[in-house]
Amino acid sequence: MGAHVEAVRDSATFAQSVDVVVIGGGIVGTAAAYELARKGVSVALLEKGRIGAEQSSRNWGWCRQQNRDFPELPLSIYSLRRWEELGPETGRELGFRRSGLVYASTKAAELATWEAWIDKARAYGFVSHMLSSSEAKQRTPGSTSDWLGGLWSPSDGRAEPSLASPALAAAARDLGAFVHQNCAVRGLDISAGKVTGVWTERGLIKAQKVVCAGGAWSSRFCRRHGIDLPNLNVIGTALKTTAAAEVISGGLATPGFALRRRLDGAYSLSISGRGRFELTPQGLRHAPKFRVAFKSRLAKLKYRVGPSFFSGPEALGSWALDAVSPFERHRVLDPRPDQQMVEEALTSLVREYPALAGIKAERAWGGLIDSTPDIIPVISPVDQLPGFIIASGFSGHGFGIGPGAGRLIADLAVSDTPIVDPAAFRLERFSDGSEIRQPKMM
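Please read all numbers here as calculations on a predicted model, not as lab measurements.

Undergrad: Report on the overall build of the protein chain, specifying residues and quantitative values.
TA: The secondary structure content of the protein chain amounts to 12 helices and 20 strands. On C-alpha atoms alone, the protein chain measures out to a radius of gyration of 21 Å, which is about the 22 Å that the 2.2 N^0.38 rule sets for 442 residues. With the principal axes as the frame, the protein chain shows a C-alpha extent of 65 × 45 × 40 Å. For the protein chain, the share of sequence-separated contacts (at least 6 apart) that also reach a separation of at least 24 residues comes to 76%. Summed over all atoms, the accessible surface of the protein chain reaches about 16,500 Å², with 53% contributed by carbon and sulfur. The average position of the 53 basic charges and that of the 44 acidic charges among the side chains of the protein chain differ by 3 Å.

In C-alpha cells:
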C-alpha cells in the first residue's frame, strides 16, 4: 500500500494553448506551476496519475539546509524561506513547521565531516551548531546511545508530503493555472527545431515553453527526443508508525534511522542511504557515469534484476505520439517496500527510545528516487532544443528544495533574473566534464 496523498480537483476545462506546460505533478512541478501563475504566466500542469502520488508523497518530509551539497545550498536557503511563506500566502496547509533538525552520531569521522561543512557553510550565510556529547544528549532526551556529538540546525524544518504538492497544485489552479490529472504527456510538439507544445493522451496543447519535472520518468521521456539525461532510480523504503509519544518535535538522523514527527502524532521513519537498485537497460547505459556514486554507496544498496528491466521508467523502447505511452501504463509507481528495512528501522528506533516500545508500522511504502551522477539536480534549459527545460534528478532531496526549484524554473522559463546562479544545475555538465564528483553528504 502506497503513501497517502490528498486529492486535488482538476480544472473544469482542458487547456488548448498556454505559455508554459509543466510535466509532472510532484513538489517541483507544482511549485513551478504555482510560481509561474504568480508571475501572470498562463500555465498547464499535467500529471499522468495523481498529483504528488509518487516520490513527492513518499519522502521523509525534511526541509533542510544543513548538510546540503554546497552547489545547492543557496537554493536550499531560499527554499526554507519559501516554505515559511507558502502557507500564509496560499491559505493552505502544507504542514511546514520550522522545528529544527538534529544529527547525532557515535562516529568521529562523521563529526569531522560535519564540522568541516559548518566552516564552509558560514560563507553562504547559513549557521548550524556542532553539539558536544552532552549537548547531543540534551537534544535527544530519552535516547540510550552515548553520542560522541552531533549537529543542530534550529532554522530547518519539516512539512507533510501528503499535503504539500496538492496544496501547491490547488493554489496554482486558484491563480488560473490549468491542472489535469490522469493526462499523460506522450511527447513534445516540435517545429523548426523548437518546442511548440506537447502531445497528450487527450490531444495537443500548444506552448512556448515546456518544463519536464517527471522525476523517475524524466530520463525516458527525454531519451525519446534524443536528449541524454543521466539518471538512475534507487528504490527507497519509508514508513508511517502508529501514533506515539513525542520524543522529538522535528527531525532526527542517527546511524540507525531517520525520524520525523508528523502532524497526526505519528512518525515517518526510514534508514539513511539504504535502498535497492534494479538492473535496467537505462541503468547499464549510464553506469560508467555513476562509478563514483556507486563506490560510495555500494554497501548500502541491494542489487537485482526486476520487472523494471522490461517495463517502467528505465526500460527500452519508443512509442508513437498517437499511441498509448509507457506513462499511461504506469499511472502511479508503487514499488513494494523492503520489509527487512522496515523491521530494522523499527527495531533501531525502539532500541534508541525504549519509551516507544510497542510502536508499529501503520503503513510502509517504496518510492523511486531519481539520481544524477554527482547527486546534484538538473534545472536547466536544453541547448539542443530551445523551449525545453529539465527539472529532474533531485537525488532524494527534492522535497525540501522543491519551492526554490520551482521559483528558479519559473525565472528560467520567462527569462527573469534567476534567484540563484543556475550554473551548477546545467545539463551540459555531464558532457563537458564539469559535474561535481564528490558523493552527497546525507
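Here the narrative resumes.
Undergrad: Please give an account of helix α10 (residues 339-352) that cites residues and values.
TA: One full turn of an α-helix is made of 3.6 residues, so residues set three or four places apart face in the same direction. Over its 14 residues, α10 runs 20 Å from end to end, which matches the ideal 20 Å to within 8%, given 1.5 Å per residue. Taken residue by residue, α10 has Met341, Val342, Ala345, Leu346, Ser348, Leu349 and Glu352 as its buried positions. What you see down the axis of α10 is that its buried residues fit within an arc of 165°, all on one side. Lining the buried residues of α10 we find β12 (232-241), β14 (258-261), β15 (267-270), β16 (275-279) and β18 (361-371). Between the side-chain oxygen of the N-cap and the backbone nitrogen of glutamine 340 there are 3.0 Å, and the N-cap of α10 in question is aspartate 338.

Undergrad: Break down the packing of helix α1 (residues 27-38) against helix α11 (residues 398-414) for me, with residues and values.
TA: Remark: α1 packs on α11, axes separated minimally by 7 Å, with the N-to-C direction vectors making an angle of 45°. Considering their axes alone, α1 and α11 lie oblique with respect to each other. Crossing of α1 over α11 shows right-handed handedness. Contact with α1, carried on its side by Ile27, Val28, Ala31, Ala32, Glu35 and Leu36, involves Gly398, Phe399, Gly402, Pro403, Ala405, Gly406, Arg407, Ile409, Ala410, Ala413 and Val414 of α11 and no other residues of that element. Its residues assigned to classes, the contact of α1 with α11 comprises 12 nonpolar, three polar and two charged.

Undergrad: Describe helix α2 (residues 73-90), naming the residues involved and giving the relevant values.
TA: For α2, with 18 residues, the first-to-last C-alpha span of 25 Å sits near the 26 Å given by 1.5 Å per residue. Within α2, the axis deviates most sharply at glutamate 84, by approximately 30°, and proline proline 88 lies no more than four positions further along. Those residues of α2 that fall on the buried side of the exposure criterion are Leu73, Leu75, Ser76, Tyr78, Ser79, Leu80, Arg82, Trp83, Leu86 and Thr90. Once α2 ends, the next one or two residues include glycine 91, with phi positive near 70°.

Undergrad: Now, about the side chain of serine 76: what can you tell me, with residues and values included?
TA: Within the element layout of this structure, serine 76 appears in helix α2. On the basis of relative accessibility, which here comes to 0%, the residue serine 76 falls in the buried class. At a separation of 3.2 Å, a polar atom in the side chain of serine 76 contacts the side chain of arginine 68. Excluding its chain neighbours within four sequence positions, the residues that come into contact with serine 76 are Arg64, Gln65, Arg68 and Ile401.

Undergrad: Which residues make up the packing of aromatic side chains, and what values do they have?
TA: Inspection of every chain in the model, using the stated rule, returns 12 aromatic pairs. Here the aromatic rings of phenylalanine 70 and tyrosine 124 are separated by 5.6 Å at their centres, their planes lie at 10°, and the arrangement is stacked. One end of the pair, phenylalanine 70, is in the loop between β3 (62-63) and α2; the other, tyrosine 124, is in the loop between α3 (108-121) and β5 (129-131), with 54 residues separating them in the sequence. Tyrosine 124 sits in the partly exposed class, given a relative accessible area of 38%. Arranged with centres 5.7 Å apart and planes meeting at 70°, the rings of tryptophan 117 and phenylalanine 126 form a pair that is edge-to-face. What makes phenylalanine 126 buried here is its relative accessible area of 4%. An aromatic cluster of three or more residues is present, and its members are Trp217, Phe221, Trp319, Phe327 and Phe388. Directly above the ring of tryptophan 319 sits arginine 224, whose terminal nitrogen or CZ lies 5.8 Å from the centroid. When the ring centre of tyrosine 267 is taken as reference, the NZ or CZ atom of arginine 261 above it lies at 4.7 Å.

Undergrad: Report on the pattern of salt bridges, specifying residues and quantitative values.
TA: Tallied over the full model, the rule gives 30 salt bridges. A salt bridge links lysine 39 to aspartate 416; the shortest N-O distance between them is 2.7 Å. Here lysine 39 is found in the loop between α1 and β2 (43-46), whereas its partner aspartate 416 is found in the loop between α11 and α12 (429-432), with 377 residues between them in sequence. The exposure class of lysine 39 is partly exposed, given its relative accessible area of 28%. In this structure, aspartate 264 engages arginine 262 in a salt bridge whose closest nitrogen and oxygen atoms are separated by 3.5 Å. Residue aspartate 264 is classed as partly exposed on the basis of its relative accessible area of 41%. By relative accessible area, arginine 262 is classed as buried at 12%.

What counts, and at which threshold
- Residues numbered from 1 in each chain as written.
- Predicted model: local features only at pLDDT ≥ 70, side-chain atom pairs only at ≥ 80, totals over all residues.
- Heavy atoms only, no water.
- Helix = DSSP H or I, 4+ residues; strand = E, 2+ residues; numbered from the N terminus.
- Rg over C-alpha atoms; globule rule 2.2 N^0.38 Å.
- Contact = heavy atoms within 4.5 Å.
- Areas by Shrake-Rupley, 256 points an atom, 1.4 Å probe, with all protein chains shown as cover.
- Lys, Arg positive; Asp, Glu negative; His and termini not counted.
- Charge placed at Lys NZ, Arg CZ, Asp CG, Glu CD.
- Expected span 1.5 Å × (residues − 1).
- Buried < 20%, exposed > 50% of the residue type's maximum accessible area, 1.4 Å probe, protein only.
- Arc of directions from axis to C-beta.
- Polar contact = N/O pair within 3.5 Å; in protein donor to acceptor, adjacent residues only side chain to side chain.
- Axes fitted to C-alpha atoms, helices over the stretch in contact; angles between N-to-C directions.
- Parallel < 35°, antiparallel > 145°, perpendicular 65-115°, else oblique.
- Left-handed = near helix turned anticlockwise from the far one by under 90°.
- Nonpolar A, V, L, I, M, F, W, Y, C, P; charged D, E, K, R; others polar.
- Bend = angle between axes of the 7 residues up to and from the residue.
- Phe/Tyr/Trp six-rings, centres within 6.5 Å; stacked < 30°, edge-to-face > 60°.
- Lys NZ or Arg CZ within 6 Å of the ring centre and 35° of its normal.
- Salt bridge = Lys/Arg side-chain N within 4 Å of Asp/Glu carboxyl O.

Purely geometric stuff here, so don't read any function into it on its own.
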